[in-house]
Amino acid sequence: MSDITRAEVAVVACAELFRGDGEIVVSPMGFVPSLGARLARLTFEPDILLSDGEAYLMTSEAVVEGWQPFRKVLDTVVPRGKRHVVMGANQIDREGNQNISAIGDHSRPKKQLLGVRGGPGNTANHRTSYWVPRHSKRVFVDQVDVVSGVGYARARAAGLRHHDVHRVVTDLGVLDFGGEDHAPRLLSVHPGVSVDEVVAATSFPLSTDDVTESRLPTESELLLIRHSLDPKSVRDKEVPS
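Residues numbered from 1 in each chain as written. Predicted model: local features only at pLDDT ≥ 70, side-chain atom pairs only at ≥ 80, totals over all residues. Heavy atoms only, no water.

Going by the annotation in an unreviewed UniProt entry, the name recorded for the protein is CoA-transferase, with Amycolatopsis regifaucium given as the source organism.

Right under this line is the structure:
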């Protein structure tokens, strides 16, 4: 199958977030991360338990197959590192801190957003990845205005045992914080995107020593994405080609 779109590459990159997770609860927030999680379960990670991010467990067809009261999720899953969540981010800085709360000074913000919500608990207690559909300097900043999700320096200072900011998938490529002292790295660029383009859209320095090209979906993955998971191509509205 030809004419692979940027959105389909992003879906596969989100699926790859869960490779190796095994039997664990995954909580993808956002349409493209949800497609990625469902694709992973249908292919190389059949044991992951899909969650709607709160209390429902879902099949790969997004049908509710189980329920656990939200308080029980907090008591039994969240504090024990047995969950992988993919959150959005209005800002991410060089230390891996995330902001979904407000833009500007916290006492008088220019823009009020979601609030910190589950960001502190998610990042303190288990593996967290981020999905950014519009990679820009407005998102990738030197220092976030409000810390919602905890980055590596704060996690180290607090002695957080399960803290793990895994990867950041964007419409341009995939990043992580696996450099020296958790310095940010560019792992891959999506087809048609240059390393210089990603660097220019990021406010802080990125290690670009070992950048590869994000993998394309296989033919069977394309069939699943196009005919089973997202036949109406909603993905292309989130990530235009």
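Following the structure, the description resumes.
## Thoughts on the overall build of the protein
When you go through the protein residue by residue, the secondary structure sums to eight helices and 14 strands. The globule rule puts the C-alpha radius of gyration for 241 residues at 18 Å, and the 17 Å found for the protein is close to it. Expressed along its principal axes, the backbone C-alpha trace of the protein runs to roughly 50 × 45 × 35 Å. The buried share of the protein, reckoned over its 241 residues, is 49%. Summarising the internal contacts of the protein: among those between residues at least 6 apart in sequence, 65% fall at separations of at least 24. Split by element, the accessible area of the protein, about 11,700 Å² in all, is 50% carbon and sulfur. Once the 28 positive and 32 negative side-chain charges of the protein are each reduced to a mean point, those two points are 6 Å apart. (Helix = DSSP H or I, 4+ residues; strand = E, 2+ residues; numbered from the N terminus. Rg over C-alpha atoms; globule rule 2.2 N^0.38 Å. Buried < 20%, exposed > 50% of the residue type's maximum accessible area, 1.4 Å probe, protein only. Contact = heavy atoms within 4.5 Å. Areas by Shrake-Rupley, 256 points an atom, 1.4 Å probe, with all protein chains shown as cover. Lys, Arg positive; Asp, Glu negative; His and termini not counted. Charge placed at Lys NZ, Arg CZ, Asp CG, Glu CD.)

## A look at the pairing of strand β5 (residues 83–87)
With five of five residues buried, β5 lies mostly within the body of the structure. Both strand β1 (residues 25–28) and β5 contribute to a ladder of four bridges, which runs parallel. In the strand pairing of β5, Pro28 is matched with Val86. Of the strand pairs in this sheet, β5 and strand β10 (residues 127–132) are connected by four bridges, and their pairing is parallel. Within β10, the position partnered with Val85 by the bridge is Thr128. (Pairing = 2+ DSSP bridges.)

## A few points about unusual backbone geometry
Phi at Asp181 is positive, roughly 55 degrees, even though this residue is not glycine. With respect to the element layout, Asp181 can be found in the loop between β12 (173–176) and β13 (185–189). Since its relative accessible area comes to 59%, Asp181 is described here as exposed. The backbone of Ser233 shows a phi angle near 60 degrees, a positive value even though the residue is not glycine.

## Let's talk about the nonpolar core
Core analysis: the biggest nonpolar cluster contains 27 residues, and Phe18, Val26, Val32, Leu39, Trp131 and Val169 have the highest contact counts within it. Taken together, the elements giving at least two residues each to this core come down to α1 (6–16), α2 (31–42) and α7 (219–229). Here this core takes seven residues from α1, the largest share from any one element. Beyond its immediate sequence surroundings of up to four residues, Val169 is in contact with Ala10, Ala13, Cys14, Leu17, Tyr130, Trp131, Val132 and Val174. (Core = buried A, V, L, I, M, F, W, Y, C linked by side-chain atoms within 4.5 Å.)

## Let's talk about the pattern of salt bridges
Under the criterion given, the structure shown has 11 salt bridges. Between Arg226 and Glu8 there is a salt bridge, and its shortest N-O distance comes to 2.8 Å. Of this pair, Arg226 sits in helix α7 while Glu8 sits in helix α1, and the two are 218 residues apart along the sequence. Among the residues examined, Glu8 registers a relative accessible area of 1% and is labelled buried. Across the salt bridge formed by Arg215 and Glu221, the nearest N and O atoms sit 2.8 Å from each other. The class of Arg215 is partly exposed, set by a relative accessible area of 30%. (Salt bridge = Lys/Arg side-chain N within 4 Å of Asp/Glu carboxyl O.)

## Some details on the packing of α1 against α7
Interhelical geometry of α1 versus α7 gives an angle of 110 degrees and a closest axis separation of 11 Å. It follows from the interaxial angle that α1 and α7 lie roughly perpendicular. Facing Glu8, Val11 and Val12 of α1, the residues of α7 in contact are Glu221, Leu222, Ile225 and Arg226. (Axes fitted to C-alpha atoms, helices over the stretch in contact; angles between N-to-C directions. Parallel < 35°, antiparallel > 145°, perpendicular 65-115°, else oblique.)

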